[in-house]
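These are the residues of each chain, in order.
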Amino acid sequence: MINKSIDVYTLIRPEIEKLKKVGIETANLDCRILLSKSQDKDKVVYNHEKIDISENEIKKFQSLVEQRLSGKPVSRIINKRNFWKQEFKLNEETLDPRPDSETLINSVLEHYKNKSKSFKILDLGSGSGCLGLSLLEEYKNSEVTFFDISKKSLDIVKINASNFGVLDRSKFINLDWSVEEWDLNLIKIENEIKFDVVISNPPYIPTEHIKTLQTEVKNYDPFIALNGGNDGLDSYRILIPKLKNVVKKNGKVFFEIGKGQENFISSKAKEHKMLPIEYKKDLSGVNRVLVFIVK
Ligand SMILES: C[S@@+](CC[C@H](N)C(=O)[O-])C[C@H]1O[C@@H](n2cnc3c(N)ncnc32)[C@H](O)[C@@H]1O
């Protein structure tokens with residue numbers, strides 16, 4: 001039932017003040033997104049728009065603001081996040097996609113300029129599917145295998161793939177790369193056909209460092225998506241020695257990495273006949289993506 005017609009800013013102003021008091025700089029945008037969510041609107045309302053709203057919707061809006069006040073990120077409240085060119089659904093077992101990870105998409109685009117070619121791509125540790133699905137959007141004749149230890153995250157990739165109309169070019173594999181022979185099991189499922197391209201943003205935060213991260217990250221991103229072991233490098237130690245078994249000769253591997261991890265990862269790769277060919281920086285100037293050729 002519609003109770004009143006009101007200007008958005010008048011309605012959200014007291015809630016903006018509450019969020020600002022606890023240091024949330026995006027208070028205005030957050031409130032407008034949460035107000036839109038409380039009315040099941042896909043488009044975000046504007047400050048000076050007049051809307052019709054019921055008492056129930058106002059209560060729902062206020063309860064969403066309470067969640068935000070407790071430190072829950074907006075993307076976790078609405079279970080959605082924009083990445084590259086699309087809106088991705090999330091759940092509690094998917095990492096919240098980061099803008100820095102778009103560096104990896106840019107890097108693939110620079111290395112593979114012919115978008116109409118057909119590439120067989122592996123997304124190792126796919127989370128919401130943001131990396132692999134963004135590549136399917138760019139390369140319309142390519143296929144991606146999404147690989148993750150979390151079955152629930154693969155369920156979300158399936159939903160995202162279906163929403164984007166690319167289900168027929170997607171494959172979902174629920175394996176754990178810390179189990180010996182994950183590489184051989186994967187290639188068996190792939191009928192012994194290796195990949196042209198591997199992309200991966202594996203967990204790379206040192207375990208002890210996780211508790212020092214912002215509440216938004218440490219309380220809401222899955223621990224398994226963050227935890228890279230004592231020095232943050234465990235995933236690379238496990239993955240690199242196996243890559244030659246799953247990547248074609250002269251195929252390329254694109255790794256997202258943490259700050260300062262490039263030297264270790266490059267020398268590990270060289271030990272395993274992979275040639276580092278590029279370090280790519282993110283928007284803050286940190287080396288974020290390493291590219292290797294498999295020899
Ligand atoms: C940093 S997240 C990246 C998610 C997504 N690719 C992105 O960029 O937003 C790492 C992913 O690796 C997966 N993962 C962690 N350990 C794994 C393992 N042992 N085997 C397979 N996947 C694993 C996690 O479930 C998580 O989805």
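Residues numbered from 1 in each chain as written. Predicted model: local features only at pLDDT ≥ 70, side-chain atom pairs only at ≥ 80, totals over all residues. Heavy atoms only, no water.

Let's talk about the site of the ligand
Point 1. Near the ligand, the surroundings consist of 18 residues, among which Gly125, Asp148, Asp176, Asn201 and Ala225 are the closest.
Point 2. The backbone of Trp177 places a nitrogen or oxygen atom 3.0 Å from a nitrogen atom of the ligand.
Point 3. At 2.8 Å from an oxygen atom of the ligand is found a side-chain nitrogen or oxygen belonging to Asn201.
Point 4. For the ligand, the protein covers 96% of the area, taking 600 Å² as the surface of the free molecule.
Point 5. Contributing elements (two or more residues each) for the shell around the ligand: helix H6 (130-138) and helix H11 (223-226).
Point 6. When the residues that make up the shell around the ligand are grouped by side-chain class, the tally is 11 nonpolar, five polar and two charged. (Near = heavy atom within 4 Å. Polar contact = N/O pair within 3.5 Å; in protein donor to acceptor, adjacent residues only side chain to side chain. Areas by Shrake-Rupley, 256 points an atom, 1.4 Å probe, with all protein chains shown as cover. Helix = DSSP H or I, 4+ residues; strand = E, 2+ residues; numbered from the N terminus. Nonpolar A, V, L, I, M, F, W, Y, C, P; charged D, E, K, R; others polar.)

A word on the pairing of strand S3 (residues 80-83)
Point 1. Here S3 pairs with strand S4 (residues 86-89) via four bridges, running antiparallel. Across the sheet, residue Arg81 finds its bridge partner in S4, namely Phe88.
Point 2. Joining the antiparallel neighbours S3 and S4 is a turn of two residues, in which Trp84 adopts a positive phi near 55 degrees. (Pairing = 2+ DSSP bridges.)

Concerning the environment of Cys31
Point 1. Within the fold, Cys31 resides in helix H2 (residues 27-38).
Point 2. C-alpha separation for the pair Cys31 and Phe164, spaced 133 residues apart in sequence, amounts to 28 Å.
Point 3. Not counting residues within four places of it along the chain, the set of residues in contact with Cys31 comprises Ile12, Glu15, Ile16, Leu19 and Phe61. (Contact = heavy atoms within 4.5 Å.)

Some details on the sheet that holds strand S9 (residues 247-256)
Hydrogen bonding along the main chain pairs the strands of a sheet, whether they run parallel or antiparallel.
Point 1. Read from one edge of the open sheet, seven strands run S7-S6-S5-S8-S9-S11-S10, paired in mixed fashion. Each edge of the sheet is formed by a strand with only one pairing partner; in this case those strands are strand S7 (170-173) and strand S10 (274-281). Put simply, the sheet's adjacent strands are angled 20 degrees from each other on average, direction ignored.
Point 2. Two strands pair when backbone bridges link them, and strand S5 (residues 120-124) and strand S8 (residues 195-200) are joined in this way by four bridges, in the parallel orientation. Within the sheet, the bridge partner assigned to Leu122 lies in S8 and is Val198.
Point 3. Across the sheet, H6 lies against S5, strand S6 (143-147), S7 and S8, angled at about 175 degrees from S6, the strand it touches most. (Axes fitted to C-alpha atoms, helices over the stretch in contact; angles between N-to-C directions.)

Notes on the nonpolar core
Point 1. Leu124, Leu243, Val253, Phe255 and Ile265 are the most contacted members of the largest nonpolar core, which has 33 residues in total.
Point 2. Looking at this core, the elements with two or more residues in it are S5, helix H8 (182-189), S8, helix H12 (234-239), S9, helix H13 (262-271) and strand S11 (287-294).
Point 3. Among all residues touching Phe255, those that are not within four sequence positions of it are Leu104, Ser200, Pro202, Tyr236, Leu239, Ile240, Leu243, Ile265, Arg288, Val289, Leu290 and Phe292.
Point 4. Core analysis: the second largest hydrophobic core is formed by 27 residues, Phe88, Val108, Leu136 and Val289 among them. (Core = buried A, V, L, I, M, F, W, Y, C linked by side-chain atoms within 4.5 Å. Buried < 20%, exposed > 50% of the residue type's maximum accessible area, 1.4 Å probe, protein only.)

A look at the pattern of salt bridges
Point 1. One pass over the structure, following the stated rule, counts 23 salt bridges.
Point 2. For Lys280, the salt bridge is made with Glu110, and the minimal N-O distance between the two is 3.0 Å. Remark: Glu110 occurs in helix H5 (residues 102-111) and Lys280 occurs in strand S10; sequence separation between them is 170 residues.
Point 3. Using a relative accessible area of 17% as the deciding quantity, one classes Lys280 as buried.
Point 4. Assessed through its relative accessible area of 37%, Glu110 is described here as partly exposed.
Point 5. Residue Glu138 pairs with Lys115 through a salt bridge whose shortest N-O separation is 2.6 Å. (Salt bridge = Lys/Arg side-chain N within 4 Å of Asp/Glu carboxyl O.)

Looking at the packing of aromatic side chains
Point 1. A full pass over the atoms with the stated rule returns 10 aromatic pairs.
Point 2. Ring plane angle 80 degrees and centroid distance 6.1 Å describe the contact between Phe83 and Phe88, whose orientation is recorded as edge-to-face.
Point 3. Judged by its relative accessible area of 2%, Phe83 falls in the buried class.
Point 4. Aromatic side chains Phe147 and Trp182 sit 5.6 Å apart centroid to centroid with 75 degrees between the ring planes, which places their arrangement in the edge-to-face category. Taken as a pair, Phe147 in strand S6 and Trp182 in helix H8 lie far apart in primary sequence, 35 residues in all. One exposure class covers both Phe147 and Trp182, and it is buried.
Point 5. Among the aromatic residues, ring-to-ring pairing joins Tyr112, Phe119, Tyr139 and Phe254 into one connected group.
Point 6. Its end group placed over the ring of Phe195, Lys120 keeps NZ or CZ at 4.7 Å from the ring centre.
Point 7. Residue placement shows Lys252 over the ring face of Tyr112; its charged tip is 5.1 Å from the ring centre. (Phe/Tyr/Trp six-rings, centres within 6.5 Å; stacked < 30°, edge-to-face > 60°. Lys NZ or Arg CZ within 6 Å of the ring centre and 35° of its normal.)

Bear in mind that shape data such as this cannot, by itself, settle questions of function.
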